[in-house]
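A structural walkthrough
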Amino acid sequence: MSIHSLRHSYATHLLEQGLSLRHIQGILGHASSKTTERYTQLTEEAQQDALSTINDLMGKLDLSQRGGQHETQ
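Along each chain, residue indices are assigned from 1 in the same order as the chain's sequence is written. In view of the model being predicted, local features appear only for residues whose pLDDT reaches at least 70, and side-chain atom pairs are presented and counted only at 80 or more, with totals across whole chains, interfaces and linings using the full set of residues. By convention in this description, side-chain values take in all heavy atoms of the structure and omit both hydrogens and water.

Strands here mean DSSP runs of E at least two residues long; helices mean DSSP runs of H or I at least four residues long; both are numbered from the N terminus. By the secondary structure assignment, Ile-24 is in helix H2 (residues 21-28). For the exposure calls, accessible area comes from a 1.4 Å probe over protein chains only, and a residue counts as buried if that area is under 20% of its type's maximum, exposed if over 50%, partly exposed in between. Here Ile-24 falls in the buried class, since its relative accessible area comes to 2%. For the pair Ile-24 and Tyr-39, spaced 15 residues apart in the sequence, the C-alpha separation amounts to 9.2 Å. The contact criterion used is simple: two residues touch if any of their non-hydrogen atoms lie within 4.5 Å. Non-local contacts of Ile-24, meaning those with residues more than four positions away in its chain, are made with Ala-11, Leu-14, Leu-15, Leu-19 and Thr-36.

Laid out in structure tokens, this is it:
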């Protein structure tokens, strides 16, 4: 465990909680936003949550062709 990994984790968690990159830049004391952008990688848990949400939404889509076609009886 290093100071860099702690800063990276801290910045990533702040970003995941919705704090803007500008605020994180100020907290970390970075002069350039390019430096802060290195901390924007998502954690594995956040990636899994995102995939789960996408899969849930895709499962709820109704892809049947109901609109515009009429059944004859």
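Now that the structure is up, let's keep going.
In this structure, Ala-11, Leu-14, Ile-24, Leu-28 and Tyr-39 together form the largest nonpolar core, which totals five residues. Secondary-structure elements contributing two or more residues to this core are helix H1 (3-16) and H2. The contacts of Tyr-39, once residues within four sequence positions are left out, are His-4, Arg-7, His-8, Ala-11, Thr-12, Leu-28 and His-30. Among the buried residues, those of types Ala, Val, Leu, Ile, Met, Phe, Trp, Tyr and Cys that are joined through side-chain atoms within 4.5 Å form a nonpolar core.

Residue-level pLDDT values for the protein chain average 79, and 77% of them are 70 or greater. Think of pLDDT as the predictor's per-residue confidence, scored from 0 to 100. Averaged over each element, pLDDT in the protein chain is lowest for helix H4 (residues 44-59) (81) and highest for H2 (92).

The complete set of buried residues in H2 reads Ile-24, Gln-25 and Leu-28. The arc that holds the buried residues of H2, viewed along the axis, is 105 degrees, so those residues lie on one side. Turned more than 90 degrees off the buried face of H2, the exposed positions are Arg-22, His-23 and Gly-26. Against H1 and helix H3 (33-36) lie the buried residues of H2. Taken from the residues just after H2, Gly-29 is the one with a positive phi, measuring 75 degrees. Summarising the geometry, the arc corresponds to the directions from the helix axis toward the C-beta atoms.

The next subject is the side chain of Thr-36. The residue Thr-36 is located in helix H3 in this model. Take Thr-36: its relative accessible area is 0%, and that puts it in the buried class. Polar contact criterion, stated in full: a pair of N or O atoms within 3.5 Å, where within protein one must be able to donate a hydrogen and the other to accept it, and residues adjacent in sequence count only if both atoms are side-chain atoms. Polar side-chain contacts of Thr-36 include one of 2.8 Å to the side chain of His-30.

Our focus in this paragraph is H1. Along an α-helix, a turn takes 3.6 residues, which lines up residues three or four apart on a common side. An expected span of 1.5 Å times one less than the residue number is assigned to each helix. A rise of 1.5 Å per residue sets the reference length of H1, with its 14 residues, at 20 Å; its end C-alpha atoms lie 20 Å apart and thus fit the reference within 8%. Turning to H1, its buried residues are Ala-11, Thr-12 and Leu-14. One face of H1 carries all of its buried residues, which in axial projection span an arc of 160 degrees. Just downstream of H1, Gly-18 is the residue with a positive phi angle, here 105 degrees.

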